[in-house]
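Results of the structural survey
This is what each chain is made of:
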Amino acid sequence: MRKLLLVIAIITISCNSVAQDTYKYTFKGIPIKGTVAEFSQKLQQQGFKRPVISGLSLKDLGYDLKQNDLLEGKFLNENVNLKIEGTKDTNEVILIEIRFSNIEHQLLYFEIRNALWEKYSDPTKFYIDENTDNIINSATVQAIQQGNFRSVCRVFTTECISYCYIGLIWEKEGVKLVYCNAPLCSKIKQENLRKKMSDL
């Protein structure tokens, strides 16, 4: 039992040390850290804008911009809608979700997938996991279009493998790319596990 607790403690410390030391988890060159408002401001400086819905701003619509924010703009030369999510207590960035407007889902998925494989191919630093073969046939495409299947490619860092750093998902609604604050997700997961264990 002591050995198990020691192993859990070492894993937790190693993931937390990644979060505190060098912060290499980035989106568009911006470290995935800080509050939602800070991260959103940096993206807006790069040309992203908050959408206006029926002439009303997100603030006018009562949207909680401290914990979540919505932006739109260009990413990988495509029009995208971007959602930034933060933690409930500190509003620290935990997730960035990018939805592509492009309707050529299969082509877009494979272009991004191939770029991920090229950029994160160093096995000493990254681990890439994919739930489909390199070849997706017409039956798979049809299953995705019907909502019965989704193709997922995930990039993990070798320093913190309990949560993926990047997830690329092709589903019925289209293609989305998710950037995750992996060390923070891991820390929250460990805290939730401790709370559940204390209830036993």
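Look above for the structure.
Residues numbered from 1 in each chain as written. Predicted model: local features only at pLDDT ≥ 70, side-chain atom pairs only at ≥ 80, totals over all residues. Heavy atoms only, no water.

Within the largest apolar cluster, 38 residues are counted, with the highest numbers of intra-cluster contacts made by Phe 27, Ile 98, Leu 177 and Tyr 179. Broken down by element, the residue count for this core peaks at 5 residues, all from helix α3 (residues 105–119). Apart from residues no more than four positions distant in its own chain, Leu 177 is found in contact with Phe 75, Ile 96, Glu 97, Ile 98, Phe 100, Ile 112, Leu 116, Ile 166, Gly 167 and Leu 168. (Core = buried A, V, L, I, M, F, W, Y, C linked by side-chain atoms within 4.5 Å. Buried < 20%, exposed > 50% of the residue type's maximum accessible area, 1.4 Å probe, protein only. Helix = DSSP H or I, 4+ residues; strand = E, 2+ residues; numbered from the N terminus. Contact = heavy atoms within 4.5 Å.)

Next up on the list: unusual backbone geometry. Most peptide bonds are trans, and most residues other than glycine sit at a negative phi. The backbone of Lys 28 sits at a positive phi, close to 55°, despite the residue not being glycine. Within the element layout of this structure, Lys 28 appears in the loop between β1 (26–27) and β2 (30–31). At Asn 91, a position not held by glycine, the phi torsion is positive, near 60°. Here Asn 91 lies in the loop between β4 (78–86) and β5 (93–100).

Our focus in this paragraph is a nonpolar patch on the surface. A surface patch of nonpolar side chains, amounting to about 240 Å² of accessible area, comprises Ile 53, Leu 56 and Leu 61. Relative to the elements of secondary structure, Leu 61 occurs in the loop between α2 (36–45) and β3 (68–75). (Patch = residues over 30% accessible without salt bridge, like charges linked within 9 Å, V, L, I, M, F, W, Y side chains within 5 Å. Areas by Shrake-Rupley, 256 points an atom, 1.4 Å probe, with all protein chains shown as cover. Salt bridge = Lys/Arg side-chain N within 4 Å of Asp/Glu carboxyl O.)

Strands in a sheet are paired, the pairing made by backbone hydrogen bonds, and the direction either parallel or antiparallel. Taken in spatial order, the 7 strands make up an open sheet running β3-β4-β5-β9-β8-β7-β6, and their pairing is antiparallel. Since the sheet does not close on itself, it has two edges, and those belong to β3 and β6 (126–130), each with one partner. Shown here is a sheet whose adjacent strand axes are inclined to one another by a mean of 15°, direction ignored. Where β3 lies against β4, 8 bridges are found, and the strand directions are antiparallel. Counted as the bridge partner of Leu 70 is Lys 83 from β4. (Pairing = 2+ DSSP bridges. Axes fitted to C-alpha atoms, helices over the stretch in contact; angles between N-to-C directions.)

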